[in-house]
Structures are given as structure tokens and as C-alpha cells.
Amino acid sequence: MTNIEGRASAGNGSGGLGLTSVEVQTSKEKFGDNRLTERTSEGFWTKFRTNLGDPMIKILCAALVVNMALVVASYLGWTPDKMAWYEPAGIAVAILLATFVSTLSEYRNENAFRKLQEEASKIRCKVYRDGEIRELPIDDIVAGDAVLLQSGDKIPADGILIEGGIKVDQSVLNGESKEAAKTAAPHGYQDEETAVNFLNPHKVWRGAVVVSGNAVLRVTVVGDKSVYGEIAKELQAEDERDTPLKVKLSALANGVSKFGYIGGVVIAVALLFQRIVIANHFNAGEIAAYALNWTHLLSDLIQAFMLAVIIIVMAVPEGLPLMIAIVSALNMGKMLKDNVLVRKIAGIETAGSLNFLFSDKTGTITKGKLEAVSFADGAGNDYKRFQDAPDGLKKRLSLSLFHNTDAVLSGEGSHAARQKAIGGNSTERALLTFAAEDGFSPRGKSVVTLEKIPFNSQNKFSAATIEGEALGGPLTLIKGAPEKILDRCDYYIDSDGNKVKFSALAALNQKIDGLAVRSIRVIALAVCEGKIVSPNGSIDDMLNASRGWTLVGIIGIRDEVRPESITAIAEVRRAGVQVVMITGDRKETAVAIAKEAGLVNNESDIVLTSDELAALSDEEVKANITSIKVVARAAPSDKSRLVRIAQELNYVVGMTGDGVNDSPALKKADVGFAMGSGTEVAKEASEIVILDDNFNSIDKAILYGRTIFNSIRKFIVFQLTINVSAVLINFVAPLFGQENPLSIIQILWVNLVMDTLAALAFGGEPALKRFMNEPPKRRDEAIVSPSMWRSILTGGLWTFALSLVFLFAGFVKDRFPALSGNDALHTGYFAFFVFTAVFNAFNARTEKLNLFDNIGGNKGFLRVLSIIVLVQTALVYAGGQVFHCFGLSLSQWLIVLLFAISIIPVDLVRKAIASTRRI
């Protein structure tokens, strides 16, 4: 093989197929590792400039420039009166600070989410190293490595096949959907191609997917120099479509924004009316004299304009879409600890609204730790362990288990009893482990595999034709469902290894039925002399073969139901989600497991086989879909059909899967749950990866989906309550002579409190089990419910009413006298407004009467509110002319806090009334 510039030649290494540790280091130094240069994300300062480029911020900055120009003019003596410089300067600083804090929060949370997601999504590959096979991260692969490729794997690097044969999907690279057949390069093969040729029958490229077959890849090109690496920027650019929740939030923000725009304009008019008319005692002469003082008139116009813009900035809930990024990032770490990896935000949002969940059985509802617990020969003799079988029978059994499989023993060549079975599917790993437990390992160069048909859920068997000196000719090994094999067997292997007439079919079927009732499924093993697998891997010869196979025996495989799955299934069903178990097991085994898991409880529960489901029309399935609990002997097409039918009934559908054949159903479902041990193809088709393959983790994913939705709703209640009260008081107060109940810079601080800081406070709400008692959210359900509107209006109107009392009631004004130019009343009102928001945050975070309900689960809530309280207290004493704050006495603080805390009992009354109505 010739070297190509920038590419490594495929050496064999000194460790057989693989490299040694020394060779790996040498290759890494010469050609680098397999990392791809990460897509450059938007930097902090770029994001900061983007946020400053918001149209409303630009308008506000333009008004500030004009205002500052007037201040400079007044200091130069161009105007009759000097204007204060600190207010526009303070506003400028406040805008920069608020934008900086919100940008920092958004940047940190988005990056934290992305890094956690990337780290948890790393692909692991089966690589030969130092004479054994290991599972390594894709980034650790180097040029010269030998990588085992199996069905469902994503090819990790460019290279040449040196063993086996596979079919690959290269559509991600060349756009061609047709599968390409790839075979091992002949000995001495020279790669002289300088251009990429996807038609080359021996070469494969990173990013392509193995559809079927097994092969060993010799890596020649890694990392950015691979074809995939060269076009990675285009491939990595994800579709940034808005999620359903983000669309709902944006629609809500648009609605609230209209209220803010109208309110801003009306408030500006009200302020000008107060300055021009009310302040001049409705006297035409005074009004005319005021109008002639152009600097005052221009200054007031600018102040009114800036106030309108500030009101709009505060009223427009720009924090709503940001809340998704913050709450997702804050929950990402928690979800990963619970083995839930979110690949697409839309998945976790939608998971909380599931109506149907079509779930695999193996490893999801059951433990997934399949164990071969018994072996029976054709005469019905039972053997609990592989080593208990007679030597004559054991020879044929070992051939079937070691050579008709896609699984391999990690570190083969060491003592087999201490090795781990990897690759293949869970059944093949269990069978290989059964054979290797006593250290037996017959693999060797004397046996060669000629052709293979890998197992799939449609055919329900696998086959391999082998050849060896001791075999006396080609021998085909068959493994699969008993109903596919037993009827074709005329002979069986007795204890001495002889071929004997098989006449115990009825007794063996009875044994299989007995095992099925105990939730033990059965795999049948048979052999056939000669080659019955066609060269192109067709199954025609297999299906049409005449009788005459020889039964090796049947193996019972047990996969216990996870105890936690029983609880999780019950919880998910209480949450309004119908769980349907889809399995390849025979009907009797499926029913036994479904009953144990709590899926089948009543006579009305329907259990179907794939054939029975196929016999029903779509309308018949729709009529009975709420009663279907199990589909046995399922084919991949059954999953896609069930998803489609449920969606046509407007249900929100989830689907679990792990194989290549599951990918269409995973894509079609509203939420696809791929298993962590599944194929990379299944993971890419999914929105969520369940890292531990456990149904309990799916339960948690649904819970987190509901938690995120509820957290956002809490944030909305908190934010809109402030919006309503702030807009109302800033409109009404000028009409009664109070032109600035809250100054522009004070409103900016309130805006920071209600947007970024509130998002951080509510984003960390704990996932509470009681959320699973709520019914699923409808597709068309509004994000703001009627009860939320009642809470918003109660809090907003109460705050507005108390604001009127605070600003205009004589008994309050008497206790906040203006001394030496210090405006104690407005200092007190500013403190009252912020502290009312703080106390109302406790109301918003729970619908319970106990405001401290599970508050320990969100320590960030208390930390953020503590920061707000400390900063607000500091502003009261140190805000000065910029914040219009001049300190408060102890008695004044008492009034402020009494007024502010009153929002708690008012909302408790609302909650109590609402609770009574529900009862």
C-alpha cells in the first residue's frame, strides 16, 4: 500500500490485527488522533454585541446620547440651567451592566449544556490493541488501528477493510441512499487513488453507517484529514428550528410585548401631561412660558421618550426564550446523573406531554443482563452449564456458539473465563458468555467463516457457513427462534456427538412452553451439512431449504424484570402515559413478563403477535389502541405503524429502540428514546439517549420534561406579575402628580431582577414526583393556564393597589418626609416594589400553601433572592442621586416590609379558594 500525503499507510502492527501501545504513540505523534476540530461557538463578546444590538437598546442609547449632549451643553453655559450628569451616566452603566449579566448567564449556561452533551455523546469503538479487543472513545483511534465494525456502527475513521464484508449507508457523505457493499481488500492491495472514490469496494469513510455484516477496518486517515473532517462544518451545523415550547413562549412574549408598547406610549403621554399641564397648574400662561424654555421642553420630551422605551424594555419579556437555555443547562447535569442524555432540547420538552410510550423489553423493562440458564438436547436432556454437556455434544455446541455470532470476547487470547463478551446483540453476548464461563474457547485458524446472515427481527434467525479441516466440508450453523428451526430438523446430536433421528418435537415444544411461562425465552441451535447461505447473503436458500437439518439443542435465556421498572411503569401509567411493550419474544413469554412488570392486569388488556396486528386494519387498531399492552414477535414495521396510528389520533408518542431497524420509528415518534448500549444509528435518530437502558430512566426523563415545563410556568407568573403592576403604576401615578414613581434606572434594576436573575432562581427547581400525577399537556394547550392568569392578576393588582396607597396616602407620606432634598418616599417605594417581587417569588414557585415546600431542592433560589435583597439594601443606602435612594430609618423599613410581605397572605387566600374549588 502506497502512502498518500497526509495519510498513513495501514501497517499490521506487531500485535496481530492491532497496534501495540508503543505503535499507537508513534502513530499519534506522526498523524495525530481522531479528534475533529470543534465547531466554533458564538463567543461571549460576540453575543454581548448582539444583545446590545437589540433595536430597543439602540433606541435607548440614541436617546441617551441626546440627553448627554444636553448635559454637556448645560455645563458649557449654553442653557439657562445646569442639568444633572449622573442620571444619564447611571442609565448607560445600568444598560451595560444588565446586558453584561444576562449575556454572561446565557453564554455560560449554553456552553455548559453543549459541553456536557458532547462529552456524554462520545462514540465508543471496538479496537484491537496489544493483542486484545477494547472499547475506546472515537477520539482515541489512530492511523493503523484495527477496528471491528458491526451492524449499526458508525464508521469512526477512513480506511480499508482487511477482514469480512459489510453493507454501508454513505448518504451522509455522498447523498446516495443506496447501500454500498464493501469487502476485504485482497492481500497485497495497493491503494493508489488520490481522489475520494465512494465506489471503491474495499474502502470506507468516517460518518458512513454499517447497515449489515461484520468487518475489520484498518484505519488510514484520522481526524480533520478524513473526508468527514473536511466537510464537518456543514455536517455539524444543526437545524436550529424553534422547539414547540419556544414557539409558545415567543407567542406569549409577542402578546405581552403589545401590552408593553401600548403601555410605554401611554405612560410617556401621561408623563408629558404631568410635566406640561399639571405641574403648571393648568394655567395657560405658565404652560406657554414652559414651552418657551426649549431646553426644559426638549429634556422632558427626551425623558418621556426614554421612560417609554424603558417601560417597553421591562414589559417585553425577552427572558422567556432565554429561560429555556438556562433551565435546560441547569437540569442537564441532574439528568446525566440519572442516565438521561438530551440530544435535542425539543425531546425533553415534549417528553413531559407523552400519551403513548412504545417500549422495548430487553434491557429496558428487564435488566438486560441476559443469562443462559439451561441447555437441552434433542432428546430433552437438560444441562445447566456448558461444561455439563457431554464432550461429543459440546463440540457441535461450541461451534454454534463461537462461530455463528457477531459477539467477541474482549482480550481473546487471554483466559476466556475472565473475558467480557462485547459486540453483537445482547442475546449473542449471553450465549458467548455461557460457552466461555469454563474457559473454553475453540476459535482458531482451523475454522474459517465463509458466509454469514446476521440476525434481524424480521427473519428471527442468523446463519454462518464455516469450513475447517476437522469438519469434513462446509457446515452451516443456524441460530434463532424455535418455530423457525425445529420444524426443519430431522435429526439431533446425541451425547456422543452422533446424528440421531429426531422424534421428540412435541416434548421439546412442551418444554419450551414451560420455560415461557417462567419468563425464559428459548433459542434453538441447528446445523446443516453443506453451504445453504448464498454468496450475496440472501435468505432465499435458507427459507426454501428442504428438511434435513440437525438440531444441536435449545438454550433457555433469562432476563429478569427490573424491580425498579415495576414501580416506574406504575408511575408512568398514573401520569396518563400508556405503555406498550414491544418484543421479539413468543407470546407466552411476553405475557409472563408483562404481567410481572404490571403491564397486563385486566381481561380487557390486549396482547397481539405481529401476525395478529398485521391482520387488523388501521381503523381496527385505532378502535383498540388504548387497550393494546403487548406486541409479541414484533417486526420493525410494527413500531412505525403503531407510532403513525397513535399520532393520527393526536396523541403525543414516545418510542424506544436500539437497533438499525428501530431508526425509522425513532425518527417518526414525537420523542425517540435510544438505548445507551444501542447502535449509533439509533442514537442519531433519537432526541434522548437512555444511558443505562433502564425504563426507570425513561420515567425520569418524563419527570424532567414536566419539571422544566413547570419551572418555566413559575417564571412566567413571577415576571408577568411585575409587568402588570409596573406598567399600571407608571401610567396612573403621573396623572395624580407623581411623575416618576420609579426612575428609569430603578426600572432597569427591576428588569434585571425579573429577567436574568429570576430565570436563574426558577431554573433549578427540583423534579418532584407529584408532577407525575398531572395529566399530560395537550399539543394545543396554552402555556399560561387560567389559574396562572388568576395568580398574575391577583399579585399584579394587589401590588398596584398598595403602590397607590404608598405613594398617595397621607399616613404613609407623613412617615417618609423629604429632608434636605432627600426623597425618602421614593426611596421607600423603590424598596417596597423590589421586596414585593422577592416575596412574590415564594408565591410563584409553588401552588402549595406551604411556601417552603421542597425549597431545599433549589438552593439556587435562595441564593439568588439573597443577592437581590443584599444589593437592594445596599442601593437604598448607597444609591444616591443615581438611583434616587437616600437611606431609610428602622420605622420606615418596617412599613416597607409590612407592605411588601402582605402579598403572601393575599396569594395564600387565592390558593386556598382555588384548592376549595378543586375539591
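Everything that follows concerns the structure shown earlier in this document.
Residues numbered from 1 in each chain as written. Predicted model: local features only at pLDDT ≥ 70, side-chain atom pairs only at ≥ 80, totals over all residues. Heavy atoms only, no water.

**With respect to the overall build of the protein chain**
For the protein chain, the count of helices and strands is 33 helices and 26 strands. In the protein chain, which comprises 919 residues, the share counted as buried stands at 54%. Partitioning the contacts of the protein chain with sequence separation of at least 6, the portion at a separation of at least 24 is 73%. (Helix = DSSP H or I, 4+ residues; strand = E, 2+ residues; numbered from the N terminus. Buried < 20%, exposed > 50% of the residue type's maximum accessible area, 1.4 Å probe, protein only. Contact = heavy atoms within 4.5 Å.)

**Points about helix α2 (residues 44–52)**
Spacing of three or four residues puts side chains on the same side of an α-helix, whose turn is 3.6 residues. Taken together, the buried positions of α2 are occupied by F44, K47 and F48. Buried residues of α2 fall within an arc of 105° about the axis and therefore sit on the same side. Away from its buried face by more than 90 degrees, α2 exposes W45 and R49. (Arc of directions from axis to C-beta.)

**Describing the packing of aromatic side chains**
Between two aromatic rings, the relevant description is the distance of the centres plus the angle of the planes. Considering all chains together, one arrives at 24 aromatic pairs under this definition. Grouping aromatic residues by their ring pairs yields a cluster made of F806, F816, Y829, F832, F833 and F899. Cation over ring: K499 sits above Y491, and NZ or CZ is 4.9 Å from the ring centre. Note that R845 overlies the ring of F861, its terminal NZ or CZ placed 5.5 Å from the centroid. (Phe/Tyr/Trp six-rings, centres within 6.5 Å; stacked < 30°, edge-to-face > 60°. Lys NZ or Arg CZ within 6 Å of the ring centre and 35° of its normal.)

**Some words on the packing of helix α25 (residues 695–735) against helix α27 (residues 786–808)**
Axis separation between α25 and α27 bottoms out at 8 Å; the angle between their running directions is 35°. Of the two elements, α25 crosses α27, and the hand of that crossing is right-handed. Of the residues in the contact of α25 with α27, the class split is 16 nonpolar, seven polar and one charged. (Axes fitted to C-alpha atoms, helices over the stretch in contact; angles between N-to-C directions. Left-handed = near helix turned anticlockwise from the far one by under 90°. Nonpolar A, V, L, I, M, F, W, Y, C, P; charged D, E, K, R; others polar.)

**A few points about the state of the cysteines**
According to the stated counting rule, one finds zero disulfides in the structure shown. Not engaged in a disulfide, the cysteine C489 finds its nearest cysteine sulfur in C528; these two sulfurs lie 9.3 Å apart. Looking at C489, the relative accessible area reads 2%, which means it is buried. (Disulfide = S-S within 2.5 Å.)

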